[in-house]
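Tertiary structure, described
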Amino acid sequence: MSNNSIISVCGVTKRFGDNLILDNVSLKIDRGEFVTILGPSGCGKTTLLRIIAGFLDVNQGEVKLEGKDLLSIPPHKRPVNTVFQKYALFPHLNVYDNIAFGLKIKRVDGDTIDREVARVLKMTGLSDYEHRDIDSLSGGQQQRVAIARAIVNKPKVLLLDEPLAALDLKMRKDMQMELKQMHRDLGITFIYVTHDQEEALTLSDTIVVMNNGVIQQIGSPTDIYNEPVNSFVADFIGESNIFNGVMLCDKRVKFIDLEFDCVDEGFGDNVLVDVVLRPEDIYIFPANKSAMFSGKVISSIFKGVHNEMVVKTENGFEVVVQDYNHFGVGEEVGLLIKPNDIHVMRKERVCNTF
Ligand code: ATP
């Protein structure tokens, strides 16, 4: 990443008791970026966010903001603000007072508070709601109040911890678009935590994929999707078929009963690898001799845009295929995949450096 970084996390380790929650995590985040920390439940995403926010300390490592140590600054003095999943609004205060709360504590003058609250109400589409009670708002509107409250004192970095998790699917999609627009309008850095792959792909400039307290991969949504560095990332981002393989020689891989020259980096002889095939990269057609695998469809589901079919190959493997063409259960089919779309990856690989 470039010198334009605003936050740098370096070698951060966090334990709760004997449990290692973050294992030597390092990460640089650029100014103005929309960065998403993505990973399964319990992998340490919120812990990392809470460390940046100042709600948790570290066992080891550094966090810097614009090159200056952040960990020694108390949470309320850090130029960051957090939007939580459970909005954490004050139920006895109306919309205006919820948003104005932090500014009043800082003894900002009344005119400035009015002006700033009006600015963020407009930005979050809440201009007509300033006198409403919190309880009278929908979940989506409450979330907007939480965002308005977090951006009113112009933080340099906005931390968002699964802010849309409590919303229904339609509201979630609408709010995703609004968040993206707000990010553009505000021009500040967003660090967003989610376990939802699609949300991460939709929103982010950069995705940080975590598992078990270790960063697995950092990259753009297209990099992460098209070039996953290991089978965890491949499986977590989009659906994948993952087979055990072995390198016969430097660039030739064997998996199932097949041998291929692979285009990925050299691995060395006899190295055990994961071979990843994306369901949408596999061609499916009526059985014929040109097939790489022959088999029978054992499940076929219409998914709206495409069909998702599971094919049991003659040698007993199950392969998930997505295609616009439909093949029904019991049909004999052939499968083909281009060598470029066969992703070979080392079994264990993590990235803890930048
Ligand atoms: P989710 O998506 O479910 O929120 P996450 O990736 O954000 O998960 P964290 O909340 O960071 O995960 O938690 C990581 C691990 O640390 C979990 O196993 C959790 O139980 C544990 N943990 C978090 N906070 C504490 C705490 N205060 N004391 C002890 N263990 C904790």
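Position numbers for residues count from 1 along each chain, tracking the sequence in the order it is written. Only residues with pLDDT of at least 70 get local features here, since the model is predicted, and only at 80 or more are side-chain atom pairs given and counted; chain-wide, interface and lining totals rely on the full set of residues.

1. Some thoughts on the overall build of the protein chain
Basically, it comes down to this: Secondary structure elements are taken from DSSP: a helix is a run of H or I of four residues or more, a strand is a run of E of two residues or more, and numbering for both begins at the N terminus. Counting other C-beta atoms within 10 Å of a residue's C-beta gives its exposure: the residue is buried at 20 or more, exposed at 12 or fewer, and partly exposed in between, where C-beta atoms are placed from the backbone. In this description, a residue-residue contact is defined by the distance between C-beta atoms placed from the backbone, which must lie within 7 Å.
On a plain count of helices and strands, the protein chain comes out with eight helices and 20 strands. Each of the three principal axes of the protein chain carries a C-alpha extent, and together these read 80 × 45 × 35 Å. When the 354 residues of the protein chain are sorted by exposure, 36% land in the buried category. Considering only intrachain contacts with a sequence separation of at least 6, the fraction spanning at least 24 residues in the protein chain is 66%.

2. Description of the site of the ligand
Basically, it comes down to this: By definition, a residue lies near a molecule or strand provided its backbone-derived C-beta atom is within 6 Å of it. Side-chain classes are defined by residue name, with Ala, Val, Leu, Ile, Met, Phe, Trp, Tyr, Cys and Pro counting as nonpolar, Asp, Glu, Lys and Arg as charged, and the others, Gly among them, as polar.
Taken together, the neighbourhood of the ligand is formed by Phe-16, Ile-21, Gly-39, Ser-41, Gly-42, Cys-43, Gly-44, Lys-45, Thr-46, Thr-47 and His-195. Ranked by residue count, the leading element in the shell around the ligand is helix H1 (residues 45-53), at three residues. Among the residues making up the shell around the ligand, the classes are represented as three nonpolar, seven polar and one charged.

3. Considering the domain arrangement of the protein chain
The test is simple: Domain segmentation is taken from an automatic or database assignment of domains.
Per the domain assignment, the segments of the protein chain are domain 1 (5-231), domain 2 (240-278 + 340-354) and domain 3 (283-336). Taking only C-alpha atoms into account, the centre of domain 1 sits 36 Å from that of domain 2.

4. Description of the sheet that holds strand E19 (residues 332-336)
Rules: We treat two strands as partners when DSSP finds at least two bridges between them. Only C-alpha atoms enter the line fits that serve as axes; for helices the fit covers just the stretch in contact. Angles between N-to-C directions range over 0 to 180 degrees.
The strand order across the open sheet formed by five strands is E15-E19-E16-E17-E18, and the pairing between neighbours is antiparallel. Of all strands in the sheet, those with a lone pairing partner are strand E15 (283-286) and strand E18 (318-323), marking the two edges. Between one strand axis and the next, the sheet turns by 45° as a mean value, whatever way the strands run.

5. Brief notes about the sheet that holds strand E1 (residues 5-16)
Judged by pairing direction, the sheet is antiparallel, and its four strands sit side by side in the order E2-E1-E4-E5 without closing on themselves. Strands at the two margins of the open sheet, each flanked by one partner only, are strand E2 (19-30) and strand E5 (68-69). Examined bridge by bridge, E1 and E2 share eight bridges and lie antiparallel to one another. Each residue of the ladder has a partner; that of Ile-7, found in E2, is Ile-29.

6. Re the nonpolar core
Under the convention used in this document: Note on terminology: a nonpolar core is any set of buried Ala, Val, Leu, Ile, Met, Phe, Trp, Tyr and Cys residues joined through C-beta atoms within 7 Å.
Residues Ile-52, Ile-99, Ala-148, Leu-158, Ile-191 and Val-208 are the most contacted members of the largest nonpolar core, which totals 88 residues. For this core, the element with the highest residue contribution is helix H4 (residues 139-151), accounting for six residues. Residues within four places of Leu-158 in sequence aside, it is in contact with Asn-81, Val-83, Ala-150, Ile-151, Ile-188 and Phe-190.

7. Some words on the environment of Lys-45
Position of Lys-45 relative to the elements: it lies in helix H1. In this structure the C-alpha to C-alpha distance between Lys-45 and Glu-259, which are 214 residues apart in sequence, comes to 39 Å. Those residues in contact with Lys-45, other than ones at most four positions away along the chain, are Ile-37, Gly-39, Val-193 and Met-210.

8. A closer look at the pairing of strand E4 (residues 60-65)
As judged from the five bridges shared by E1 and E4, these two strands associate in the antiparallel manner. Each bridged residue has a counterpart across the sheet, and for Ile-7 the counterpart in E4 is Leu-65. Judged from the two bridges that link them, E4 and E5 form a sheet pairing that is antiparallel. Residue pairing across strands places Leu-65 opposite Lys-68, the latter belonging to E5. Hairpin connection between E4 and E5: a loop of two residues separates the two successive antiparallel strands, and Glu-66 in this loop has a positive phi of roughly 50°.

9. Regarding the confidence of the model for the protein chain
Keep this limit in mind: pLDDT runs from 0 to 100 and stands for how confident the predictor is about each residue.
Averaged over the protein chain, the pLDDT score is 89; the fraction of residues at 70 or greater is 96%. Confidence over residues 349-354 falls short of pLDDT 50; this stretch has 20 contacts with residues more than four positions distant or in other chains. What the predictor reports for the complex is a pTM of 0.84 with an ipTM of 0.96.

10. As for the packing of H4 against helix H5 (residues 169-186)
What counts is decided by this rule: An angle below 35 degrees is read as roughly parallel, one above 145 as roughly antiparallel, one from 65 to 115 as roughly perpendicular, and any other as oblique. The crossing is said to be left-handed when, going from far helix to near helix, the turn is anticlockwise and less than a right angle, and right-handed when the turn is clockwise.
One can describe the packing of H4 onto H5 by two numbers: an axis separation of 11 Å at closest approach and a directional angle of 20°. When the axis of H4 is compared with that of H5, the two are roughly parallel. As for how H4 packs across H5, the hand of that crossing is right-handed. Between H4, through Gly-139, Gly-140, Gln-143 and Ile-151, and H5, the contact on the second element is made entirely by Met-171, Met-175 and Leu-186.

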